Structures are given as structure tokens and as C-alpha cells.
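Chain residues, written in single-letter form:
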Amino acid sequence: MTVPMTTGRLRTAFNLPWLLCLSGLVFLLSQTLLGLAFAPLGGPDTLLRMQLGFTSADAYVAQFQAWEEAGLLGVYQAHFMLDALHPFWYAIFGTCALAVVFSWRGAGAAWDRLLPLPMLSGLLDVLENSVQRVFLAEPLLITDGLARLSWLCSLGKWTLVLVYVLAVLYWLLPLRR
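If you're wondering where the values come from, they're calculated on a predicted model, not measured in any experiment. Chains are numbered independently. Their residues run from 1 in the order of the written sequence. Only residues with pLDDT of at least 70 are given local features in this predicted model, and only at 80 or more are side-chain atom pairs given and counted; all residues enter the totals for whole chains, interfaces and linings. Heavy atoms throughout the structure, all of them, feed into the side-chain values; hydrogens and water do not.

Draft legend 1. A look at helix α1 (residues 7-14). The buried label applies to any residue whose accessible area, calculated with a 1.4 Å probe on protein chains only, is under 20% of its type's maximum; exposed applies above 50%, and partly exposed to all values in between. Elements are defined by DSSP. Helices are runs of H or I of four residues or more, strands are runs of E of two residues or more, and each kind is numbered from the N terminus. Buried within α1 we find L10, R11 and F14. Down the axis of α1, the buried side of the element spans an arc of 100°, and every buried residue falls inside it. Should any heavy atoms of two residues lie within 4.5 Å, those residues are counted as being in contact. Here the buried face of α1 lies against α2 (17-38), α6 (86-105) and α7 (117-137). Arc definition: it is the arc formed by the directions from the helix axis to the C-beta atoms.

Next comes the structure, spelled out in C-alpha cells:
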């Protein structure tokens, strides 16, 4: 007999301060390494521009050509090795942050509906990365449709991150009871 994973059980499962600290440290290390990997490519602003501004095949083709001409396309390809586990770490960290803060501050059960958001944002990140890996492996498959899919995944990911970060901050406010 299996027990369904309810949001209440999710809060209990992730209300682990030690896991929050551990996943937070790993997330911070992973994020730092990704930032350093992107430095030669124009830094985090280039990545955000790609994620939130590229909705056409032409934009990707132009960026990849520019990196190819500069001898940097391999740097972008290599970042996926670091980025393979990054969504996993930030999903655990985000879920723990929500569960620990909600439990500590006595947030009602209705707030538990936000607990799956970090996992969903991680899944969207994996899908986004998968599309971009296809672009690198088969440049002929860079289409406007797939470019928009990558953009939608990124937009969804960042929107969910914003929602759950704001929820944590809301419950961390000193006047919140």
C-alpha cells in the first residue's frame, strides 16, 4: 500500500534544517561555479538575456555564431555538465526553505500548496536545458517553435522562483505571525 504524497506530508518531509543548510551550501557552490563558467560568455546577464529574451531561432543562431567565432561555443556546451544537477539542488533547497520557514512561523496548511513550486521550476529548467542541448547537437533543429518552448520554460521557471522566494521572505518578516 502506498501513501499519497500530500502537501502536508511534503512539508514534514522537507522540514529539515540540516538539509536546508546542506542543500543551500551545495546550491551556493553550484551557482558560483555556473557564474564563473559563464564569465567568458558575457556573464550572468548574457544567460538571462538568452533565457528571457530569445524567442526566435535567429537569436540563438546569432548568439551561437558569435560564440563560435570567438572560440567560446565549447564553454557554453561545457556549462551543461555543471547545470545537470543544479536544478536538483535548488529544488531541494527551495522546498526545504519553504517547509522550514512555514513550520517555524506557523503558516497555515494553505501555504503548503507552494511546496511543489521549486520542484516544478527545476523540471522546467531541465526541459529548457534539454532544448538548448538539442540546438547545440543539431543546429538544423533550431526553430522558432523550439526557441519559444525554451523561452516559456525559462519564463515559467523564473516566475515560480520569484513566487516561492517572495513567500519565504513574506514569512520571514518580523511582524508576520
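Draft legend 2. Summary view of the packing of α7 against helix α8 (residues 144-172). Helix axes are fitted only over the stretch in contact, all axes being lines through C-alpha atoms; the angle between N-to-C directions runs from 0 to 180 degrees. Running from N to C, α7 and α8 cross one another at 155°; their axes reach a closest spacing of 8 Å. Our classification of the angle between α7 and α8 gives roughly antiparallel. Viewed along their axes, α7 and α8 form a crossing whose handedness is left-handed. Here α7 contributes L117, P118, L120, S121, L124, D125, L127, E128, V131, Q132 and F135 to the contact with α8, which in turn contributes L146, A147, L149, S150, C153, S154, G156, K157, L160, V161, V163 and Y164. Three residue categories are used. Nonpolar comprises Ala, Val, Leu, Ile, Met, Phe, Trp, Tyr, Cys and Pro, charged comprises Asp, Glu, Lys and Arg, and polar comprises the others, including Gly. A per-class count over the contact of α7 with α8 returns 15 nonpolar, five polar and three charged. Note on angle classes: values under 35 degrees are labelled roughly parallel, values over 145 roughly antiparallel, values of 65 to 115 roughly perpendicular, and the remainder oblique. Take the far helix as the reference: if the near one is turned anticlockwise from it by less than a right angle, the crossing is left-handed, and if turned clockwise, right-handed.

Draft legend 3. Up close: a nonpolar patch on the surface. Where nonpolar side chains cluster on the molecular surface, the patch consists of W104, L162, V165, L166, L169 and L172 and spans about 600 Å² of accessible area. When residues in the nonpolar patch are grouped by element, the largest group, five residues, is from α8. Relative to the assigned elements, L172 resides in helix α8. Classification of L172 as partly exposed rests on a relative accessible area of 37%. Surface patches are defined over residues having more than 30% relative accessible area and no salt bridge, joining like charges when they lie within 9 Å and nonpolar side chains (Val, Leu, Ile, Met, Phe, Trp, Tyr) when within 5 Å. Residue-level accessible areas treat just the shown protein chains as cover; the underlying method is Shrake-Rupley with a 1.4 Å probe. A pairing counts as a salt bridge when a side-chain nitrogen of Lys or Arg comes within 4 Å of a carboxyl oxygen of Asp or Glu.

Without other data, these values stay purely geometric and don't point to any function.
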